[in-house]
Amino acid sequence: SFPAEVVPQAPEDPLFGLMRAYKADPSPNKVDLGIGAYRDDNAKPWVLPVVKKADEIVRNDPEANHEYLPIAGLASLTSKAAELVFGASSPALAEKRVASVQAISGTGALHLGALFLAKFYKIAGANRTVYLSNPTWANHHQIFTNVGLPIASYPYFDKSTRGLDFEGMKATLRDAPDGSIVVLHACAHNPTGVDPSPEQWAELAQLLKEKRHFPFFDTAYQGFASGDLDRDASSIRLFVEAGFELVVAQSFAKNFGLYGQRAGCFHYVAAPAPSAAETTTRVASQLAILQRSEISNPPIYGAKIASIVLNDPALFAEWQDNLRTMSGRIIDMRKQLRSKLEELGTPGTWNHITDQIGMFSFTGLTEPQVLKLREEYHIYMTKNGRISMAGLNSRNVEYVAKAVDKVVR
Ligand code: PLP
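This is a predicted model, so every value here is computed, not measured.

Caption draft 1: Unusual backbone geometry, seen in detail. Following Asn134, the chain continues to Pro135 via a peptide bond in cis, the omega torsion being 5 degrees. Mapped onto the elements, Pro135 comes out in the loop between β3 (130-134) and α6 (139-146). Even without being a glycine, Ala43 presents a positive backbone phi close to 65 degrees. Within the secondary structure layout, Ala43 lies in the loop between β1 (31-32) and α2 (49-60). Residue Ala43 is classed as partly exposed on the basis of its 15 C-beta neighbours within 10 Å. Not every positive phi belongs to a glycine, and Lys96 is a case in point at roughly 55 degrees. For Lys96, the location among the structural elements is in the loop between α4 (91-94) and β2 (98-104).

Structure, rendered in structure tokens:
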């Protein structure tokens, strides 16, 4: 059998530990601010009305069966998913410079991309180190390490402003060896909620171009962040316009609320060149081989739901409306939390709560404050002071603000 020196007991994922502690807490006042999934104003999971409709269509389709999808996934999904990220009129699509493969949600897309780079990013001028933001979604570390790529980090969060450490980020990316892989959150950075401004994105594109770095975009919150699908994709589109060769891991977990269905896509974009379409075909052929050995065929059910919505103009419009409902509620919770803290005169500044975007906010609360909130007020968040805005609602936001006020003083 495997001895402990060979297979040591792994630590529990801190988020799941937090979730367990929350579940076990009998307090009627308990608040879950660790959760990485949208909740409605009643603190309940929300099945998007448009997803319910698409689900009906899937279930009532007399032709429906449980056959395998092709290795690259449902073509009606992957083609529209590419349009969603790059824009329907993207020259990259017109020039057939995009290879799209359905993946096991965002995580699977990240893994497929990491695996592809581990195997093939051995070309002239390539540096195989993957630069991750500090902090980043914790799973990034494991995903890239698991395929044998070395990881490094670039500064991202400025503790003093609770905003972007843009100078630190640029300095590290400038000092990194040319041709490094740089993972970028397309929007709604997890865990900080801090995104570069459009001007800063433009500067980053220029810097990465000069350094010949390889951008790896992670887009898990398109439409969920601002409520505007185009706006939330603008960072990626800027880089594509600038002529980068790049990859994108796209998740439909948050924006469709299809978390457990594992719907997502991986996209490769070749740089514009006469041979770009041919390069793309070769890359697609290798992605198919990797996919075959990993999962053979991606899952069908969530893919069908997303495909139906993306391909039907009326349902697409309804989806946009559902996205505005989710992002609108979250933005409203940010406003309420900030204004309640300011009304209470809670020490410190709280503008970062509304400056930040997406599911999460880095509050600046310290670990002792976080633990006090948990022990005395039954409010659960990760030790780094990250709160999920989705856990706030009209009934608990005041309770949370008052508790934060108490522990900060
Ligand atoms: N990337 C980021 C930054 C995320 O926050 C998440 C989900 O929390 C994901 C990727 C992937 O999620 P999933 O695999 O559920 O699509």
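Caption draft 2: Summary view of helix α17 (residues 397-408). The terminal C-alpha atoms of α17 lie 16 Å apart, and with twelve residues this matches the ideal 16 Å at 1.5 Å per residue to within 8%. By the burial criterion, the buried members of α17 are Val397, Val400, Ala401, Ala403 and Val404. Projection of α17 onto a plane perpendicular to its axis shows the buried side chains occupying an angular sector of 165 degrees, all on one side. Structurally, α17 contributes buried residues whose contacts are with β1, α14 (313-344), α16 (367-377) and β12 (379-380).

Caption draft 3: Looking closely at the sheet that holds β3. On the basis of which strands lie adjacent, the open sheet formed by seven strands has the order β2-β10-β9-β8-β7-β3-β4 and mixed pairing. Sheet topology places β2 and β4 (151-155) at the edges, where each strand pairs with a single neighbour. With direction set aside, neighbouring strand axes in the sheet form an average angle of 25 degrees. Where β3 and β4 come together, five bridges link them in parallel fashion. In the strand pairing of β4, Ser133 is matched with Tyr154. This element, helix α10 (residues 234-241), spans β8 (214-219), β9 (246-251) and β10 (263-269) of the sheet and lies at about 155 degrees to β8.

About the criteria used
Residues numbered from 1 in each chain as written. Predicted model: local features only at pLDDT ≥ 70, side-chain atom pairs only at ≥ 80, totals over all residues. Helix = DSSP H or I, 4+ residues; strand = E, 2+ residues; numbered from the N terminus. Buried ≥ 20, exposed ≤ 12 C-beta atoms within 10 Å, placed from the backbone. Expected span 1.5 Å × (residues − 1). Arc of directions from axis to C-beta. Contact = placed C-beta atoms within 7 Å. Pairing = 2+ DSSP bridges. Axes fitted to C-alpha atoms, helices over the stretch in contact; angles between N-to-C directions.

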